[in-house]
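An overview of the molecular structure
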Amino acid sequence: MSENGRAEEARVADSAPHDGRRRGRHPGGTDGLPDAHDGDDHAPDAEAARGVRTSHSARVALSSLVAAHAISQTGNVVTAFAVPFYVLGLGGSGAEVGLAAAFATAPVIVGGPLGGVVVDRVGHRRAAIVADLVSGASVLSMPVLALTVGLPFWALLALVFVGGLLDTPGQTARRVMLPGLTERAGVRIERSVGLLDGSERFAKLIGASLAGLLVAAVGPMASLFVNAATFAISAALTRALVPAPDPARAGSPDAVAADRTTDDPVTEPARASYRADLAEGARFVVRDPLMRLLVALVLVTNLLDAARGSTLLPLYANDRLGGAAALGLLVATMGGCALAGNVAFGFVAHRVPRRVTFVACFALAGGPSSLAFALAAPLPWLVAATALSGLAAGALNPILGAVELERVPAHLRGRVFGLLNAGAWAGIPAGALLGGVAADTIGLTVAFGIVAAVYTLVTLTPLAGGPWRQMERRPTGVGPHPAPPL
């Protein structure tokens, strides 16, 4: 190199930022020697320590979110037991049991889309807390009225409806908080979705066992005090251990859109009207072919599940299995095996094809157990068939949740998930009511047989291909499937 070249190189080096290791000179020390008070050499250790603390706190927050979800869902299982047996205790018919179940699930259709926009606007953390508190207050009023001035059937329907109105927004808020906490905790998205779904399965396992014992021991209404307490605990846990985002990130668009666990209005982006927000989410769902197919499939299967689980099963248990204890055993078996399937699937979720796995597990989740009831199998066989269905069902929500989180932009998740929930749950009130009508007209055995046949046929449709192929994860480095234009 020439002298001019070396001189030019020196000038470039001198104009570079003052980094002691690069230039052999520390700002506060002598040439080539580090300053005793300079902490630069220890920066990597400090960064590592901060990273460990951040990862630990993120894992605590993620665990707390999952625990709050499980506790809240446990209370819902108690309600699902208490209400039908209270109606039967009043001398109600199968149709009235179905009507009560319909009023318990109809709020999802209202609270899903409307509440999803509210969740995006007021903050996910605040929405989850308020939803738990309002739901708990409405549930608490049921046993208070029943044990004091009385709770007629029409009042029960009204309170059941109000109690479920904010249930879905609360669940949506917790699900939308999941990606931000997952990223900071360094967990695969399939694993965290599986954890959240597994918490619901665990809630069914614990809640069903608890509800069966409570309803048998103290009666359906008194058992609802436990439900009210679970909502209060869930709200307190979210408030105490699920934090707002890192202040350093709180003002960034990504933090506002993806995390939104903060309630600080300073970080709220400028918004259009409520109607415009709702319309934006609806356009996304309508224009995404895979979302449309998923909603249609889950709508039909949820209708069948509601007919089976909310109406036919309680009636079957009351008529042929001896009451709430047997129903608790079946629901607990379903929840426990679904939890086991969920945990096992979490270890292989990223290695298996999504679509084929989804079809196989979905078909097994509804067909065999319904067929066993249609054949009037003995209780041990019913338990075995229910266990098989539970194991298969454990893989469904992790796949659905991962697909939705990959496809839906972060700033739309609250309203889109609310709309997806509303669409998927739209058949549940009708299913619960139809299950009661079917039990009174064609009988329990025939009703279970129809559920088994239709469930199996419907869940095989993703094998047809087309937009269903978009369920598969993209190869590494390719990026997510393009979202539909708005």
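The model shown is predicted, which means the values in this text are computed figures rather than measured ones. (Residues numbered from 1 in each chain as written. Predicted model: local features only at pLDDT ≥ 70, side-chain atom pairs only at ≥ 80, totals over all residues. Heavy atoms only, no water.)

1. A short note on the overall build of the protein chain
We count it as follows: Numbering of helices and strands starts at the N terminus; helices are DSSP runs of H or I of at least 4 residues and strands are runs of E of at least 2. Only protein chains enter the accessibility calculation, which uses a 1.4 Å probe; a residue is then buried when its area is under 20% of its type maximum, exposed when over 50%, and partly exposed in between. For this analysis, residues touch if any pair of their heavy atoms sits within 4.5 Å.
Helix and strand counts for the protein chain come out as 20 helices and zero strands. Each of the 486 residues in the protein chain was classed as buried or not, and the buried ones make up 50%. In the protein chain, once contacts between residues fewer than 6 apart in sequence are set aside, the share between residues at least 24 apart is 83%.

2. Points about the pattern of salt bridges
If charged atoms from side chains of opposite charge come close, those side chains can pair. Cut-off, in case you're wondering: Think of a salt bridge as a Lys or Arg side-chain nitrogen and an Asp or Glu carboxyl oxygen that are within 4 Å of each other.
One pass over the structure, following the stated rule, counts five salt bridges. Close ionic contact of R174 with D132 constitutes a salt bridge, the shortest N to O distance being 3.4 Å. With a gap of 42 residues between them, R174 in helix 8 (residues 167-185) and D132 in helix 6 (residues 124-146) connect regions that are remote in the sequence. Taken individually, R174 and D132 each receive the classification buried, so the pair is uniform in this respect.

3. A word on unusual backbone geometry
Across the chain, the bulk of peptide bonds are trans and the bulk of non-glycine residues have phi less than zero. Although it is not a glycine, A376 adopts a positive phi angle of roughly 55°. Mapped onto the secondary structure, A376 falls in the loop between helix 15 (354-374) and helix 16 (379-393). Overall, A376 belongs to the partly exposed group, its relative accessible area being 42%.

4. Focus: the confidence of the model for the protein chain
Note the threshold: How sure the predictor is of each residue is captured by pLDDT, a score from 0 to 100.
Overall, the predicted model of the protein chain reaches an average pLDDT of 75, with 78% of residues at or above 70. Mean pLDDT across the secondary structure elements of the protein chain bottoms out at helix 2 (residues 20-23), with 37, and peaks at helix 20 (residues 444-459), with 92. Every residue in residues 1-43 is under pLDDT 50, and counting partners more than four places away or in other chains gives 24 contacts.

5. Here's the deal with the packing of helix 15 against helix 16
In plain terms, the rule: Only C-alpha atoms enter the line fits that serve as axes; for helices the fit covers just the stretch in contact. Angles between N-to-C directions range over 0 to 180 degrees. Should an angle fall under 35 degrees it is taken as roughly parallel, and over 145 as roughly antiparallel, whereas 65 to 115 is taken as roughly perpendicular and any remaining angle as oblique. Rotating anticlockwise by less than a right angle from the far helix to the near helix defines a left-handed crossing, while the corresponding clockwise rotation defines a right-handed one. Residue classes follow a fixed rule: Ala, Val, Leu, Ile, Met, Phe, Trp, Tyr, Cys and Pro count as nonpolar, while Asp, Glu, Lys and Arg count as charged, and any other residue, Gly among them, counts as polar.
Where helix 15 contacts helix 16, the two axes come as close as 7 Å, and the packing angle between them is 165°. Accordingly, the angle class assigned to the pair helix 15 and helix 16 is roughly antiparallel. In this structure, helix 15 crosses over helix 16, and the sense of that crossing is left-handed. On the side of helix 15, the interface is formed by C361, L364, A365, G366, P368, S369, A372 and F373, while helix 16 contributes L382, A385, T386, L388, S389, A392 and A393. Partitioning the contact of helix 15 with helix 16 into residue classes produces eleven nonpolar, four polar and no charged.

6. Some details on the nonpolar core
Formally: Working definition of a nonpolar core: buried Ala, Val, Leu, Ile, Met, Phe, Trp, Tyr and Cys residues. They are joined through side-chain atoms within 4.5 Å.
Core analysis: the biggest nonpolar cluster contains 79 residues, and L294, F358 and V416 have the highest contact counts within it. When residues of this core are assigned to their parent elements, the largest contribution, twelve residues, is made by helix 13 (residues 289-321). Contacts of F358, omitting those with residues within four sequence positions, involve L294, L297, L396, I399, L400, P462, W468 and M471.

7. Topic: the packing of helix 7 (residues 153-165) against helix 8
Relative to each other, helix 7 and helix 8 sit at 15°, their axes nearing to 5 Å. Between helix 7 and helix 8, the interaxial angle falls into the category roughly parallel. Residues G163, G164 and L165 of helix 7 pack against D167, T168 and P169 of helix 8. Classifying every residue of the contact of helix 7 with helix 8 gives two nonpolar, three polar and one charged.

8. Observations concerning the packing of aromatic side chains
For clarity, the threshold we go by: Each pair of aromatic rings taken from Phe, Tyr and Trp, with Trp reduced to its six-membered ring, is defined by centres within 6.5 Å and is described as stacked if the planes are under 30 degrees apart, edge-to-face if over 60, and tilted in the remaining cases.
Going through the model one piece at a time under the given rule, you end up with six aromatic pairs. When the ring of Y316 is compared with that of F448, the centres are 5.8 Å apart and the planes differ by 90°; the resulting orientation is edge-to-face. Within this pair, whereas Y316 is found in helix 13, its partner F448 is found in helix 20, the two being separated by 132 residues in sequence. Here F373 and F448 contribute two aromatic rings whose centre-to-centre distance is 4.9 Å and whose plane-to-plane angle is 20°, an arrangement assigned as stacked. Placement of F373 in helix 15 and of F448 in helix 20 is noted, with a sequence separation of 75 residues between them. Of the two residues examined, F373 and F448, each falls in the buried class. Taken together, the aromatic side chains of Y316, F373 and F448 make up a single cluster linked through ring pairs.

9. Digging into the environment of V215
Mapped onto the fold, V215 is located in helix 9 (residues 189-218). Residue V215 is classed as buried on the basis of its relative accessible area of 10%. With 129 residues separating them along the chain, V215 and Y86 place their C-alpha atoms 9.2 Å apart. V215 has contacts with F81, A82, F85, P220, S223 and A324, leaving out every residue within four places of it along the chain.

10. A word on the side chain of T386
Put simply, the test is: Two N or O atoms count as a polar contact when they lie within 3.5 Å, although within protein this holds only if one can serve as hydrogen donor and the other as acceptor, and sequence-adjacent residues are included solely when both atoms are side-chain atoms.
Structurally, T386 can be placed in helix 16. Looking at T386, its side chain comes within polar contact range of the main-chain oxygen of L382, at 2.7 Å.

11. Topic: the environment of F417
Structurally, the position occupied by F417 is in helix 18 (residues 413-425). Assessed through its relative accessible area of 4%, F417 is described here as buried. Along the backbone, F417 and T172 are 245 residues apart, and their C-alpha atoms lie at a distance of 6.5 Å. In this structure F417 touches T172, R175, V176, E404, L405 and V408, once residues within four positions along its chain are discounted.

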